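Here's the letter readout for the chains.
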Amino acid sequence: MPELLVELLSEEIPARMQERAADDLLRLMVDGLEQAGLQARGARSFVTPRRLTLSIADLPAAAPDTREERKGPRIDAPQAAIDGFLRQAGVTLEQCIVEEDRKGAFYVARIERPGRATPEIAAALIPEVVRKFPWPKSMRWGSGQLRWIRPLHSVLLTFDGQVVDDMTIDGIRSGATTRGHRFMAPQPIKVRRFEDYELKLRDAWVMLDGAERAETIRAEADTLAFAKGLKVVEDEGLIKETAGLVEWPVVLMGSFDRQFLSLPEEVIITSIRSHQKCFALREAGGALSNHYLLISNMIARDGGKGIAAGNDRVIAARLADARFFWDQDRRTRLQDLLPKLDHVTFHAKLGTQGERVRRLEELAATIAPMIGADAAAARQAARLAKADLVTGMVGEFPELQGIMGYYYAIDEGLDLEVAAAVRDHYKPQGPTDAVPAAPITLAVAIADKLDTLISFWAIEEKPTGSKDPFALRRAALGIIRLVLGNELRLSLLALFELYRKRHLPSLPRGTSINFDAANLLEFFADRLKVHLRSEGARHDLIDAVFALGGQDDLVIMVKRVEALARFLDSDDGQNLLQGVRRASNILKIEEKRDGRRHDGVPDKNLLVQGEEKALASAIDRAEAQAKVAVGNEDFEAAMRAIAKLRAPVDAFFDKVTVNADDPSFRENRLRLLNRIRAATLAVADFARIERT
């Protein structure tokens, strides 16, 4: 089938916007074509710094004809109503038929529309897509009214190998011409189909596929580094970013004066990355090298020596700036920087960073004994944790907060564990970030995230939908990973209550506080589900554990979920689940009919049949054994004890009539069934477990 090829050539598109732009172009074009009656299969989009490209391999030559029947007014309606209907439908009276129903005779317009040619549809669609394109930011240029991310130069549009040149948008007429690399092949290039478009661009030093550009950068960087006995410091984000900055990547090596290696290596890596998009290198022994890699957008005649030399000069200046900040910052102790935090706003309703630090000191010191950390050291680390926010280095490179505090603390001769807590208290910041294990660090990290969560919860700044401006989901997941990764036994509700009493009253006067601890615990439950689901756990098992109420020990909750999963994979587990469901289903029906629960204690004098007596005795034994096992946190043993109920439950259902004629026997037997349901609550709410 014929192919549609579209290219929008412009000035440079920011790298961070490219991937989303390619997806948006594909989505908007495919949706528009399908609304016009064309099924767009085999659509692919591409992006380089200067172009957005769309190729749809299989499109029909035209949209199918359509036929529509539109009911109009009665034939005896006023002429004005009939005329209005005809104008709206775009037909004459002769093109209408008369149909009758029980309300009378009506005009019905039969509207037949021949399917439009695909080139015509595309030519009409592209201007609409361009004008409505959802760039985060856009601009106008010259005297025109068109908005685009950068000035738009040309629109390439072909269908089935033929140019579609009857589309115009803001003075730009479509054609079959593109251009190659801005410097190495700027001449016009005529194309017909995607195949020759891609090949001709490659001949003109344009690598269309962003994934190929990224892989080229990765491979050439590794090769060039290896040839010098060096290794690239891994940075997938920078590979992706540089792939969005060049159309033909060329990897070059530069160097800087070895004297700059006296700076912390994070400063060097961040400086050359942030300012020049360069890759740091390590020597064979692991030390940072004074060589680096840069990605050029052209093949220079001198092999890139001039480009590397110019980049060396810029990097030398940037590293000199970094050394100035390093030297200046070390002249002031972290402790002496704290007054400046009183002039840095944390949040309008939550006060300054200085006020927050004072909350963190108390909170970290309180948490420390709970997890085996020294309270005084935790207090000191929390006091200094945010001090580097007002240093020159962090002002220049905000991503180094915490890291610079560590180096300044070490430079002052502070305790290594305190310094490490200053560095690592932000961790973990993402799903792949390492979880710290040092007790002092854990105390400060948990305090930091807990303060964020509870304080924002108290002023009702909660995540909504996809919006989470204060990263509260990340904070909750951070606490979950800290607790689970180190098997910390903490009661979340107890921590919430402690914070409510000690720290919420210290928020700025006039702040409206409405803290719902139960709601925050539910939020943690949702985050825990996300975390466990990513590790393969079933969400219904998490629900079954959380439904017990009062579950706020994350370690115990996970142990329950894991034990429940293992138990349900066994025959005993499935047998127990079936028996509990049978009892629960009967109870639901009868409780709905009676309008009340049957949760009283069964009367032993009304247990007249052997099977109900045996079931009652079995429940007594199972509950006692399960209680002991739960107390020992052996949840699988608790479930094995309860699983022994299956045989007496089956015998009960086979021999005993629950809905006996005598209401006292019926009530007593329903209470016995409720004891089965209640016994399982020692480990989980089995009613929430889905069928498998």
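Just above, that's the structure.
Residues numbered from 1 in each chain as written. Predicted model: local features only at pLDDT ≥ 70, side-chain atom pairs only at ≥ 80, totals over all residues. Heavy atoms only, no water.

J.: Quick question: what am I supposed to make of the overall build of the chain here?
T.: Each helix and strand in the chain was counted, giving 25 helices and 18 strands. Taking 26 Å as the expected radius of gyration for a compact globule of 692 residues, we find that the chain reaches 35 Å, considerably beyond that expectation. Its C-alpha atoms give the chain principal-axis dimensions of roughly 100 × 95 × 55 Å. Every one of the 692 residues in the chain was classed for burial, and the buried ones make up 48%. Summarising the internal contacts of the chain: among those between residues at least 6 apart in sequence, 68% fall at separations of at least 24. Surface summary for the chain: the accessible area is close to 33,400 Å², and the carbon and sulfur share equals 49%. In the chain, the 98 positive side-chain charges and the 102 negative ones have mean positions that sit 2 Å from each other. (Helix = DSSP H or I, 4+ residues; strand = E, 2+ residues; numbered from the N terminus. Rg over C-alpha atoms; globule rule 2.2 N^0.38 Å. Buried < 20%, exposed > 50% of the residue type's maximum accessible area, 1.4 Å probe, protein only. Contact = heavy atoms within 4.5 Å. Areas by Shrake-Rupley, 256 points an atom, 1.4 Å probe, with all protein chains shown as cover. Lys, Arg positive; Asp, Glu negative; His and termini not counted. Charge placed at Lys NZ, Arg CZ, Asp CG, Glu CD.)

J.: Even after reading the chapter, I still don't get helix α19 (residues 539–546), so can you show me in this structure?
T.: For an α-helix, 3.6 residues make a turn, and residues three or four places apart therefore share a direction. Taking burial as the measure, the eight residues of α19 include six buried ones, the bulk of the element. The complete set of buried residues in α19 reads D540, L541, I542, A544, V545 and F546.

J.: Any chance you could explain the layout of surface pockets here in plain terms?
T.: To locate leftover empty space, one rolls a probe as large as a water molecule over the atoms. As a volume, the largest pocket reaches approximately 710 Å³. Around the largest pocket sit 25 residues that line it, and E399, I403, K427, Q429 and D433 are the ones nearest its centre. Among the secondary structure elements, those contributing two or more residues to the lining of the largest pocket are α7 (265–276), β15 (279–282) and α14 (416–424). The dominant element in the lining of the largest pocket, judged by the number of residues it contributes, is α7, at five residues. The residue inventory of the lining of the largest pocket, partitioned by class, reads ten nonpolar, four polar and eleven charged. Around the second largest pocket, the lining comprises 23 residues; the ones closest to its centre are Q18, E19, V47, G210 and K240. If you list the elements that add at least two residues to the lining of the second largest pocket, you get α1 (15–35), β2 (41–47), α5 (210–227) and α6 (236–243). (1 Å grid on protein atoms, 1.4 Å probe; cavity = no way out; pocket = protein on both sides within 12 Å on 5 of 7 lines; lining within 4 Å. Points joined across faces, edges and corners; volume = space filled by probe spheres on them. Nonpolar A, V, L, I, M, F, W, Y, C, P; charged D, E, K, R; others polar.)

J.: Is there a simple way to explain the pattern of salt bridges in this structure?
T.: Any two side chains of opposite charge can pair, given that their charged atoms come close. Applying the stated criterion to the full structure yields 55 salt bridges. Across the pair R538 and D540 runs a salt bridge, and its minimum N-O distance is 2.7 Å. Classification of R538 as partly exposed rests on a relative accessible area of 30%. For D540, a relative accessible area of 3% corresponds to the buried category. The salt bridge partner of K559 is E633, with a shortest N-O separation of 3.8 Å. Taken as a pair, K559 in helix α20 (residues 554–568) and E633 in the loop between α22 (610–631) and α23 (635–643) lie far apart in primary sequence, 74 residues in all. Residue classification places K559 among the partly exposed residues on the basis of a relative accessible area of 32%. (Salt bridge = Lys/Arg side-chain N within 4 Å of Asp/Glu carboxyl O.)

J.: Would you mind going over the pairing of strand β3 (residues 51–58) with me for this structure?
T.: Where burial is concerned, most of β3 is hidden: six out of the eight residues are buried. Direction of pairing for strand β1 (residues 4–10) relative to β3: antiparallel, over a ladder of six bridges. Note on β3: the bridge partner recorded for E7 is T53. Pairing of β2 with β3, which is carried by six bridges, proceeds in the antiparallel orientation. Counted as the bridge partner of S45 is L54 from β3. The hairpin formed by β2 and β3 contains three residues between the paired strands. (Pairing = 2+ DSSP bridges.)

J.: What's the story with the packing of helix α17 (residues 492–502) against helix α18 (residues 517–534) in this structure? I'm lost.
T.: In a pair of packed helices, the angle between the axes and the distance between the axes together describe the arrangement. At their nearest, the axes of α17 and α18 sit 10 Å apart, and the two run at 135 degrees to each other. Between α17 and α18, the interaxial angle falls into the category oblique. Here the hand of the crossing between α17 and α18 comes out right-handed. Here L492, L493 and F496 of α17 come into contact with α18, specifically with A517, L520, L521 and F524. (Axes fitted to C-alpha atoms, helices over the stretch in contact; angles between N-to-C directions. Parallel < 35°, antiparallel > 145°, perpendicular 65-115°, else oblique. Left-handed = near helix turned anticlockwise from the far one by under 90°.)

Keep in mind that these numbers describe shape and distance, not what the molecule does.
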